[in-house]
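Take a look at the letters that make up each chain.
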Amino acid sequence: MSRHTRRTALTIVALAIALILSPSLARANHGTPVGPDDQRQVLRPDLRAEVDLSPLPSYTITAVVDTATATLRGDEYVTFSNPAGGALDRAVFRLLPNAASIYGGGSLTIEEVTRGEAAAPWEVSPDGTVLTVSLAPPLQTGEAVTIRLKFRAVIPTGGGGYNILHHSAGVTSLAGWYPILAPFQGEWQVAPVPVVGDANHFAAALYDVTLTAPATHDVVATGARLGVRDEGETRVWHLVSGPARGFAVALSDRFQVHTAERDGVTINYYALPPAGGGRSPQEALQMAADAFGVYSRRFGPYPYTEFDVAETLVSVGGYEFAGMVYVQRSLRASGSLSQLRFMVSHEVAHQWWYALVGSDPVIEPWLDEALATYSVALYLEDVYGEATSRGMVAYFAREGGRPNGAAPGIDVSALDYSSWPAYRGPVYYRGALFLDALRREMGDDAFFAMLRAYAREHRFGMATTRDLTAAAERHAGRPLDEVFQLWFGTPDPGA
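Conventions and cut-offs
- Residues numbered from 1 in each chain as written.
- Predicted model: local features only at pLDDT ≥ 70, side-chain atom pairs only at ≥ 80, totals over all residues.
- Heavy atoms only, no water.
- Axes fitted to C-alpha atoms, helices over the stretch in contact; angles between N-to-C directions.
- Helix = DSSP H or I, 4+ residues; strand = E, 2+ residues; numbered from the N terminus.
- Parallel < 35°, antiparallel > 145°, perpendicular 65-115°, else oblique.
- Contact = heavy atoms within 4.5 Å.
- Nonpolar A, V, L, I, M, F, W, Y, C, P; charged D, E, K, R; others polar.
- Pairing = 2+ DSSP bridges.
- Phe/Tyr/Trp six-rings, centres within 6.5 Å; stacked < 30°, edge-to-face > 60°.
- Buried < 20%, exposed > 50% of the residue type's maximum accessible area, 1.4 Å probe, protein only.
- Core = buried A, V, L, I, M, F, W, Y, C linked by side-chain atoms within 4.5 Å.
- Left-handed = near helix turned anticlockwise from the far one by under 90°.
- 1 Å grid on protein atoms, 1.4 Å probe; cavity = no way out; pocket = protein on both sides within 12 Å on 5 of 7 lines; lining within 4 Å.
- Points joined across faces, edges and corners; volume = space filled by probe spheres on them.
- Expected span 1.5 Å × (residues − 1).
- Arc of directions from axis to C-beta.
- pLDDT = per-residue confidence, 0-100.

Closest axis-to-axis distance for the helix α8 (residues 366–384)/helix α9 (residues 386–400) pair is 6 Å, and the angle between their directions is 160 degrees. Considering the angle they form, α8 stands roughly antiparallel to α9. Only Glu386, Thr388, Ser389, Met392, Val393 and Phe396 of α9 make contact with α8, whose side of the interface consists of Thr373, Tyr374, Val376, Ala377, Leu380, Glu381 and Tyr384. Within the contact of α8 with α9, the residues separate by chemical class into eight nonpolar, three polar and two charged.

Here's what the structure looks like:
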């Protein structure tokens, strides 16, 4: 994304304009998304003809961010085809900012829901996180529908949750800020939002977003920019995502961008000025670029032409999105070298094990978190040598523990935990140890062929534990019952 450093205060007139979705924007973004060629431009050239965009849901969103009041107003059109085997009588959306955990006291309020020209009946769950829209008449097999939702959001300014939906004087983070269509896997997937872990269980979709923000701010977002125009003291960004698992944004008038390139992909590191001391943004960018190169070789090509790392006030070290990640600003400002290196390389790995290959982060959190954690050891192995990598694996063993028959298997649910220390053990560290054991059991050739095939076969789809274990046995050429029994407590995990 381009930089803009002019710093002027929003006038009263400009605030009034920013709070109202202008007629010109409404006409320009009235529910008809840009064409597939524009969406394909986000993908690397060798994938543009290969990836089929037609089955994906599409979002066309017009939104205005008011940083003076930490609020957001939006108008969203969602188009999708019936994913069920028969008639479908409801559509289900997640309203994640209303969760008591993770999102830290924000809110997402629905103001209007329509289907075509008619109002559609809708209701919100008691906890506020699930919106159910009645489809009457029901949506038939193969039929598509467009639903329009008008909404407003309050962006938290306190310190609760993870600060992934958060506003401060330095940076505004927008994660889960709009109504998100729940994934459909036999039924709409609406697991409770956990106390720890992630709730970003999103299907890949196409986003066409027109975002109005202060002209003083840079916008870092999922996808790529189609155009930018100034309207008084505000700036209007037109953004498209390509196939993406959600759409995230970071805004700041303080970002300093540093850029590198790996394998034809532009890597941008958006740094916030540190309070004092700390490591340079260039050093953090080098970590991201090195990890990116390792994962591209080990797992297969990154799908997009651009990757962004944005420093924010995220309080859990980092957080992953499609095409971009947040990294906690204080890690570079005052954290140790090993902490920064771990977090940057871990979040980069989520571009393969989350953004590319989706899974259920609530019910099967180990599946992407263990892969991203073990990827750190692979990055260290390739860049710093085997001794450094084995030291990281030894750290996993100290923190997570090896299976002993009493500890739970690694395929636990995030809903079973209420503290990060207890949750990290089986999900992050013991899961990474399983992958290391699996690598030694299979041998490097078969293990990395398995990971490349797993990434390719489930690209922009949803994978399960069973998908990964079946791929392992297929590439090993034999059953792996004893390994699975040791780490999962069953010889047939995910079945």
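Still more ground to cover, so stick around.
So, on to the sheet that holds strand β13 (residues 218–221). Strand order in the open sheet formed by four strands is β9-β10-β16-β13, and the pairing between neighbours is antiparallel. Among the strands making up the open sheet, the edge pair consists of β9 (166–167) and β13. Note: β9 against strand β10 (residues 172–174), two bridges, orientation antiparallel. Within the sheet, the bridge partner assigned to histidine 167 lies in β10 and is threonine 172.

Our focus in this paragraph is the sheet that holds strand β3 (residues 88–94). Taking strand neighbours across the sheet as the criterion, the four strands line up as β6-β7-β3-β11 in an open arrangement whose pairing is antiparallel. Looking at which strands have only one partner, the edges of the open sheet turn out to be β6 (122–124) and β11 (180–181). With six bridges joining them, β3 and strand β7 (residues 130–139) adopt antiparallel strand pairing. Bridge pairing in β7 places leucine 88 opposite leucine 139.

Under the counting rule described, the total for this entry stands at 41 aromatic pairs. With a centroid separation of 6.0 Å and 55 degrees between ring planes, the pair formed by tyrosine 302 and tryptophan 352 is classed as tilted. In this pair, tyrosine 302 sits in the loop between α4 (281–299) and β19 (306–312) while tryptophan 352 sits in helix α7 (residues 351–356), placing the two residues 50 residues apart along the sequence. Both residues of the pair, tyrosine 302 and tryptophan 352, belong to the buried class.

A word on the nonpolar core. Judged by nonpolar contacts, the single largest core of 167 residues is most densely connected at Phe80, Ile147, Trp177, Tyr326, Trp353, Phe434 and Leu438. With twelve residues, helix α10 (residues 420–442) is the single largest residue contributor to this core. If near-sequence neighbours (up to four positions away) are discounted, tryptophan 177 is found in contact with Ile61, Ala63, Leu72, Pro97, Leu108, Phe151, Ala153, Leu165, Val209, Phe247 and Val249.

Quick look at the packing of α8 against helix α11 (residues 444–457) now. Orientation of α8 relative to α11, taken along the N-to-C sense of each, is 130 degrees, at an axis distance of 14 Å. With respect to α11, the axis of α8 lies oblique. Where α8 crosses over α11, the two elements pack in a sense that is left-handed. The residues of α11 that touch α8, namely those facing Leu367, Leu371, Tyr374 and Leu378, are Phe447, Phe448, Leu451 and Tyr454.

In this sheet, strand β2 (residues 71–81) lies alongside strand β1 (residues 58–66) in antiparallel orientation, the contact comprising nine bridges. Opposite aspartate 66, over in β2, you have threonine 71 as the bridge partner.

Another point: the layout of surface pockets. Taken as a whole, the largest pocket encloses approximately 510 Å³ of empty space. Val316, Phe342, Met343, Arg424 and Tyr429 are the residues nearest the centre of the largest pocket, which is lined by 23 residues in total. Among the secondary structure elements, those contributing two or more residues to the lining of the largest pocket are β20 (318–321), α6 (337–349), α9 and α10. If you tally residues by element for the lining of the largest pocket, the top one is α6, at six residues. Residue composition of the lining of the largest pocket, grouped by class: ten nonpolar, seven polar and six charged. Computed from the structure, the second largest pocket encloses a volume of approximately 350 Å³. As for the second largest pocket, its lining consists of 23 residues, and the residues nearest its centre are Pro57, Pro83, Pro183, Phe184 and Ala203. Elements represented by at least two residues in the lining of the second largest pocket include exactly β2, β11 and β12 (205–214). Here the residues of the lining of the second largest pocket sort into 19 nonpolar, three polar and one charged.

What follows concerns α9. In this model α9 runs 21 Å from its N-terminal to its C-terminal C-alpha over 15 residues, within 8% of the 21 Å that 1.5 Å per residue would give. Taken residue by residue, α9 has Ser389, Met392, Val393, Phe396 and Gly400 as its buried positions. Along α9, the residues classed as buried sweep out an arc of 100 degrees about the axis, all on the same side. Among the exposed residues of α9, those oriented more than 90 degrees off its buried face are Ala387 and Arg398. In this structure, the buried side of α9 is in contact with α6, α8 and α10. Count one or two residues on from α9 and you reach glycine 401, which has phi positive near 80 degrees.

Moving on, we get to the confidence of the model for the protein. Reading predicted coordinates in detail is not appropriate for stretches of low pLDDT. Of all residues in the protein, 93% attain a pLDDT of 70 or more, and the chain-wide mean is 92. Across residues 1–29, where pLDDT falls below 50, the model places 63 contacts with residues more than four positions away in sequence or in other chains.

Once that is clear, we can look at unusual backbone geometry. Residue proline 137 is reached from alanine 136 by a cis peptide bond, and omega for that bond is 5 degrees. Of note, proline 137 is situated in strand β7. Located in the positive-phi region is alanine 70, a residue other than glycine, with phi close to 55 degrees. Positionally, alanine 70 belongs in the loop between β1 and β2. The class for alanine 70 is buried, based on a relative accessible area of 5%. Positive phi, close to 55 degrees, is recorded for aspartate 263, a residue that is not glycine. Residue position: aspartate 263 is located in the loop between β17 (256–262) and β18 (265–271). Aspartate 263 gets classed as partly exposed once you look at its relative accessible area, which sits at 46%.

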